[in-house]
Amino acid sequence: MLKRTLTAFGLIAAHAVADGDITVIDRDSPDFLLGKQTRVNMKFIPGDAPDMWFKAGIRVQGTLESKHTDYKNPAKKDTSIQDAYLRRVRLEVGAGFGKHTSFVMDIRNDKSNYGIENTEGSFNVGDAYLKIKKPFDSSLVNFKFYRAKIDVSRTETVKSAYVIAYDRPYVADAAAQYISFNRRGTNAQMYGNWKNKVHYQVAVGSASSPEKIIDAYGKKGTDYVDLKDQSFFYGGKVRFSPFDGWEEKKRTETYFAQGKHAGIGVAYWTVPTLKGSTNYRAGSTGYTNTFDLRRELVNIEASAHYKGFFIQGEWFRFKDVVADWTPGNNEALKTGDSTGWYVTGEYVIKQLSYIAPYARYERWNRFDSKDGYEITSVLAGINWYLRGNSTKVGLQYQKDSYGENTGDKDVTYMRITSQFFF
């Protein structure tokens, strides 16, 4: 199988070389210190089938990190950890089958060598979707099938090679798991736009993984939950660019002091049925509860950039969040709402070889009706776009404060980051 795959790749490459149809450089890119940035992957076009193509590329993000944890409970000992790991390691491939149809996928091993355990992780499939673009020759109707992202959040939808900070906000990461596993459980979606003024996406598909059904404390459901009945998720998002000349044409957080855009959006997603029971043992006593949940997620986004200045903010509301999978004493499981928001800003200094200071503030209440479930995060850093997103390095400071029921601690990070992508 591997031999046949390599042979096919070699034939495509040979045709492309013979006809000179190999592209990788983004000709519209600014001239950075190390040259123009690359497009997403190297593209090969065979001479005997110009409507077909093959793409291949890589994404590597490295992090050097110093982490200090200060527990508010004096009985717990503070910790300091220095770590070096690969935040993302990915092989990306794509194939065009004709004018309208293509397939994109990647194989990834994220957070390789992470933590004291120096965990290697394992390779798995990320994106793996079939795209049918403009089957009726209209931008209003397009389709994706299989493992494609649903738009639960702007920052989660933006490609990780294009985000300002490699670790997205905690509340956005929670949204990515709340409706569908990694926001890309197998699904079918339709999307499109009208003159880039109005964008939409609607989708239906496989709902949250039991492993990601996390309570307000942060405990995973796999340790306690027996899921018996689960429906598909469904929902969608609508985005608007209300000002002429400020249309959003590309989902990114890195604009390199070019152009301008302004947009707002709102999304609603739901898993109508999520039923099962919990089993929890404390000493010699066992506790059992049943649950019947209807998960809902509301997301509101707003973003804008003008030349070097960029700002982005999002607000989230989670419905039917479980306070605690292990209440004990045969108490009923408590459910409620969770809300959170963040704001990110960056300023690209073109005159200083595209050095870009940035900052982010996040506040998330994991269970609104009770005190002590807050998480606050403050982040500041600077990126240096040596070749746009193709080659960049950065320095980052982050401080997280956790409430009494979410860890009761302060955690401080210092990171040196790097990225190579084409």
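Residues numbered from 1 in each chain as written. Predicted model: local features only at pLDDT ≥ 70, side-chain atom pairs only at ≥ 80, totals over all residues. Heavy atoms only, no water.

The helix and strand inventory of the protein chain stands at 3 helices and 19 strands. For the protein chain, whose C-alpha radius of gyration is 23 Å, the value lies close to the compact-globule estimate of 22 Å for 422 residues. Projected onto the principal axes, the alpha-carbon positions of the protein chain cover approximately 75 × 50 × 45 Å. In the protein chain, once contacts between residues fewer than 6 apart in sequence are set aside, the share between residues at least 24 apart is 63%. When the accessible surface of the protein chain is totalled, it reaches about 20100 Å², and 57% of it is carbon and sulfur. One finds the centroid of the 59 positive side-chain charges in the protein chain at a distance of 4 Å from the centroid of its 48 negative side-chain charges. (Helix = DSSP H or I, 4+ residues; strand = E, 2+ residues; numbered from the N terminus. Rg over C-alpha atoms; globule rule 2.2 N^0.38 Å. Contact = heavy atoms within 4.5 Å. Areas by Shrake-Rupley, 256 points an atom, 1.4 Å probe, with all protein chains shown as cover. Lys, Arg positive; Asp, Glu negative; His and termini not counted. Charge placed at Lys NZ, Arg CZ, Asp CG, Glu CD.)

The next subject is the packing of aromatic side chains. Taken as a whole and assessed by the stated rule, the structure comprises 16 aromatic pairs. Arranged with centres 5.8 Å apart and planes meeting at 40°, the rings of Tyr255 and Phe310 form a pair that is tilted. Of this pair, Tyr255 sits in the loop between β11 (233–240) and β12 (260–282) while Phe310 sits in strand β14 (residues 309–322), and the two are 55 residues apart along the sequence. When its relative accessible area of 2% is taken as the criterion, Phe310 is described as buried. Between Trp341 and Tyr361, the aromatic rings sit 5.5 Å apart at their centres with planes inclined by 45°, giving tilted as the arrangement. With Trp341 in strand β15 (residues 335–347) and Tyr361 in strand β16 (residues 355–365), the pair connects residues that are 20 residues apart, well separated along the chain. The ring of Trp53 carries the charged tip of Lys55 above its face, separated from the ring centre by 5.4 Å. We note Lys111 situated over the ring of Tyr114; from NZ or CZ to the ring centre the distance is 4.6 Å. (Phe/Tyr/Trp six-rings, centres within 6.5 Å; stacked < 30°, edge-to-face > 60°. Buried < 20%, exposed > 50% of the residue type's maximum accessible area, 1.4 Å probe, protein only. Lys NZ or Arg CZ within 6 Å of the ring centre and 35° of its normal.)

All right, on to the confidence of the model for the protein chain then. Per-chain confidence: the protein chain averages 91 in pLDDT, with 93% of residues scoring 70 or above. A low-confidence stretch, residues 12–18 (pLDDT under 50), is modelled with 11 contacts involving residues beyond four sequence positions or located in other chains. (pLDDT = per-residue confidence, 0-100.)

Looking now at the side chain of Glu314. With respect to the helices, strands and loops of the structure, Glu314 is situated in strand β14. Despite its burial, Glu314 pairs with no opposite charge; the closest candidate is Lys237, at 4.6 Å N-O. Side-chain polar atoms of Glu314 contact the backbone nitrogen of Thr155, separated by 3.2 Å. At 3.0 Å, the side chain of Glu314 and the side chain of Asn299 are in polar contact. The residues touching Glu314, leaving out its near neighbours within four places in the chain, are Ser153, Arg154, Thr155, Asn299, Ile300, Glu301, Gly340, Trp341 and Tyr342. (Salt bridge = Lys/Arg side-chain N within 4 Å of Asp/Glu carboxyl O. Polar contact = N/O pair within 3.5 Å; in protein donor to acceptor, adjacent residues only side chain to side chain.)

As paired elements, strand β6 (residues 124–132) and strand β7 (residues 142–147) share 5 bridges and run antiparallel to each other. Counterpart to Ile132 in the pairing with β7 is Phe143. Sheet topology note: the β7/strand β8 (residues 187–194) ladder contains 5 bridges and is antiparallel. Note on β8: the bridge partner recorded for Tyr146 is Asn187. (Pairing = 2+ DSSP bridges.)

Let's shift gears to a nonpolar patch on the surface. A grouping of Phe309, Ile311, Trp341, Val343, Tyr347, Tyr361 and Val378 is seen on the molecular surface, where their side chains present a nonpolar patch of about 600 Å² in accessible area. Put simply, the parts of the chain that give the nonpolar patch at least two residues each are β14 and β15. It is β15 that contributes the most residues to the nonpolar patch, 3 residues altogether. Note on placement: Tyr347 falls in strand β15. (Patch = residues over 30% accessible without salt bridge, like charges linked within 9 Å, V, L, I, M, F, W, Y side chains within 5 Å.)

Take the pattern of salt bridges next. Enumeration according to the criterion identifies 29 salt bridges in this entry. One salt bridge connects Asp137 with Lys99, and the closest N-O pair in it is separated by 3.8 Å. Separated by 38 residues along the polypeptide, Asp137 in the loop between β6 and β7 and Lys99 in the loop between β4 (79–96) and β5 (101–108) bring together distant segments of the chain. Judged on exposure class, the residue Asp137 and its partner Lys99 are both exposed. Each of Asp151, Arg154, Lys237, Arg239, Glu248, Arg251 and Glu301 takes part in a single network of salt bridges with overlapping partners.

Time to look at the nonpolar core. In terms of nonpolar packing, the biggest core is built from 27 residues, with Ile150, Ile179, Phe233, Trp269, Leu297, Phe316 and Phe318 touching the most fellow members. Elements with a minimum of two residues in this core: α3 (170–178), β12, β14 and β19 (409–421). In terms of residue count, the dominant contributor to this core is α3 (4 residues). If near-sequence neighbours (up to four positions away) are discounted, Phe233 is found in contact with Ile150, Ile179, Ser180, Asn187, Ala203, Val204, Gly205, Ser206, Ala207, Trp269, Thr270 and Val271. Counting 9 residues, the second largest nonpolar core, distinct from the first, contains Tyr224, Phe291, Leu293 and Val322. (Core = buried A, V, L, I, M, F, W, Y, C linked by side-chain atoms within 4.5 Å.)

Turning our attention to the environment of Ser418. Mapped onto the elements, Ser418 comes out in strand β19. What makes Ser418 partly exposed here is its relative accessible area of 23%. Each C-alpha atom of the pair Ser418 and Thr391 lies 7.5 Å from the other, and the pair is 27 residues apart in sequence. The contacts of Ser418, once residues within four sequence positions are left out, are Val60, Gln61, Gly62, Tyr166, Lys392 and Val393.

Counting through the fold element by element, Ser180 comes out in the loop between α3 and β8. Overall, Ser180 belongs to the buried group, its relative accessible area being 1%. The residues touching Ser180, leaving out its near neighbours within four places in the chain, are Ile150, Gly185, Ser206, Ala207, Ser208 and Phe233. Looking at Ser180, its side chain comes within polar contact range of the main-chain oxygen of Ser206, at 2.9 Å.

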